[in-house]
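Here is what each chain is made of, one letter per residue.
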Amino acid sequence: KALRAVRASGGTAVSELLMRWAGRDQVRRAAVSSPAARELVARYVAGEHLDDLVPVLHSLVDKGLLVSVEYLGRPVTTLGDAEANQTGYLELVVRLTAEGLAKGAEISVRLGLLGQELGMHGEEFALQAARRITRMANNAGALVTLDMSGSESVDLTLDTWVQLNQDLPSIGATVQAALHRTERDLANLAMPGGRIRLCKGAFREPRTVAFRNRHEVDLAFVRGLRILMKSQAVPLVATHDPRLIAIAEELVRRSGRAPDSYEFQMLYGVRPLELRRLVDIGHVARSYVPYGPGWYEYYLRGFVERPDNLALFMRSLLGKR
């Protein structure tokens, strides 16, 4: 009945209720030990360990794709948690280097995993940890792009980006088209050579700060694309939407951009044939690959926006395919 309710309603209230259920410790333990649930998650997450990640990256690179890796650390409640996640990022850089995968790869860093939300001391630790990770990645030939969380973290994340950018101009920033402020932010961020990832935004925000209607979000995404394509920044077009991809391709054509002056990015496991098509016709395309011990929490984050995933996940816990 719960599964039918998720599909029938498409409503946020039902999805949020079931997401709270999925977040219970006993449900997490069941998911971690369930082969069917792990098989489902494996479509979109490369695994929990570096040994799981590396074969996936080699496979994607062999297909002509670039890769972006998001380390899924544990939730952070103390500076000790942030330090453990910092270690995870640094170990990632070391392993990518050893495997010959670092050069040209992108590492997506979420400052919340480095303690950004733990007050003044957490903010300082996150800044220094991000600086350490970025320098190490840069020395290995890898790129770093700061990921973005909810609207309440945008100012602090962009302030951190500004400080890091002074030493390492190659560091990228992520902006969310759904936020009302994004066009203003792009006017300041779209500097020559700067890597700016434009996505729709995966967080449910109040109408006072964000567009909620899908059409409005799409229009905002296109406005952001136009700003980036007219600038000397490097747009990272992060969407799976075929209409927006087609618009981006047309804007690239009109602007006469060189192939290495922009790229398309898509989540691992989502529309892989489309990503390969973009490569085959001469675009630069990157697969965004999440992995790490926080895979379960990562998967939960998408449930409200993708209730069908929650239904599939619940079925897998019941041993159904």
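Engineer: Tell me about the layout of surface pockets, and name the residues and values.
Structural biologist: In this model, the second largest pocket occupies a volume close to 200 Å³. If you go around the second largest pocket, you meet 15 residues; those closest to its centre are Leu60, Lys63, Leu65, Pro272 and Leu273. Per element, the largest residue contribution to the lining of the second largest pocket is 4 residues, and it comes from helix α12 (residues 272–280). The class makeup of the residues in the lining of the second largest pocket is 8 nonpolar, 3 polar and 4 charged.

Engineer: How would you explain the packing of aromatic side chains if you had to name every residue and give the values?
Structural biologist: In total, this model carries 3 aromatic pairs according to the counting rule given. Ring geometry for Tyr262 and Phe264: centres 6.2 Å apart, planes at 90 degrees, overall edge-to-face. The pair formed by Tyr262 and Phe264 is uniform in burial state, with each residue classed as buried. Within the aromatic cluster, the residues linked to one another by ring pairs are Tyr71, Tyr89 and Tyr291.

Engineer: Could you give an account of the pattern of salt bridges, naming the residues involved and the relevant values?
Structural biologist: If you walk through the whole model with that rule in mind, you get 23 salt bridges. With a closest N to O distance of 3.1 Å, Arg95 and Glu99 form a salt bridge. Put simply, Lys200 and Asp218 hold a salt bridge, and the shortest N to O gap is 3.0 Å. Of the two residues, Lys200 sits in the loop between β5 (195–199) and α10 (214–230) while Asp218 sits in helix α10, which places them 18 residues apart along the sequence. Under the relative-accessibility criterion, Lys200 is labelled partly exposed at 22%. A residue is classified by how much of its surface remains accessible, and Asp218, at 8% relative accessible area, is buried. Among the charged side chains, a salt-bridge network with shared partners connects Glu106, Arg195, Arg197, Glu263 and Arg286.

Engineer: Quick one: what's the story with the nonpolar core, residue by residue and with numbers?
Structural biologist: Leu53, Ile107, Val109 and Leu114 are the most contacted members of the largest nonpolar core, which totals 74 residues. Here this core takes 7 residues from helix α7 (residues 119–139), the largest share from any one element. The residues contacting Ile107, other than those within four sequence positions of it, are Val69, Tyr89, Leu92, Val93, Leu96, Ala137, Leu143, Val144 and Thr145. Membership of the second largest hydrophobic core comes to 6 residues, among which are Leu72, Trp295, Tyr296 and Tyr298.

Engineer: Break down the side chain of Thr157 for me, citing the residues and quoting the values.
Structural biologist: Counting through the fold element by element, Thr157 comes out in helix α8 (residues 154–167). If sequence neighbours within four positions are ignored, Thr157 has contacts with Leu111, Gln116, Leu146, Asp147 and Met148.

Engineer: How would you explain the pairing of strand β2 (residues 106–109) if you had to name every residue and give the values?
Structural biologist: Because side chains alternate across β2, one face comprises the buried residues Glu106 and Ser108, and the other comprises Ile107 and Val109, equally buried. Pairing between strand β1 (residues 66–71) and β2: 3 bridges, direction parallel. Looking at the pairing, Glu70 lines up with Ser108 of β2. With helix α6 (residues 79–98) bridging β1 and the parallel β2, this β-α-β connection has right-handed handedness. For β2 and strand β3 (residues 143–146), the ladder comprises 4 bridges, and the chain directions are parallel. By the bridge assignment for β3, Ser108 is matched with Thr145. Considered for its hand, the β-α-β crossover made up of β2, α7 and β3 is right-handed.

Rules used throughout
Residues numbered from 1 in each chain as written. Predicted model: local features only at pLDDT ≥ 70, side-chain atom pairs only at ≥ 80, totals over all residues. Heavy atoms only, no water. 1 Å grid on protein atoms, 1.4 Å probe; cavity = no way out; pocket = protein on both sides within 12 Å on 5 of 7 lines; lining within 4 Å. Points joined across faces, edges and corners; volume = space filled by probe spheres on them. Helix = DSSP H or I, 4+ residues; strand = E, 2+ residues; numbered from the N terminus. Nonpolar A, V, L, I, M, F, W, Y, C, P; charged D, E, K, R; others polar. Phe/Tyr/Trp six-rings, centres within 6.5 Å; stacked < 30°, edge-to-face > 60°. Buried < 20%, exposed > 50% of the residue type's maximum accessible area, 1.4 Å probe, protein only. Salt bridge = Lys/Arg side-chain N within 4 Å of Asp/Glu carboxyl O. Core = buried A, V, L, I, M, F, W, Y, C linked by side-chain atoms within 4.5 Å. Contact = heavy atoms within 4.5 Å. Pairing = 2+ DSSP bridges. Right-handed = clockwise from strand over helix to strand, strands pointing away.

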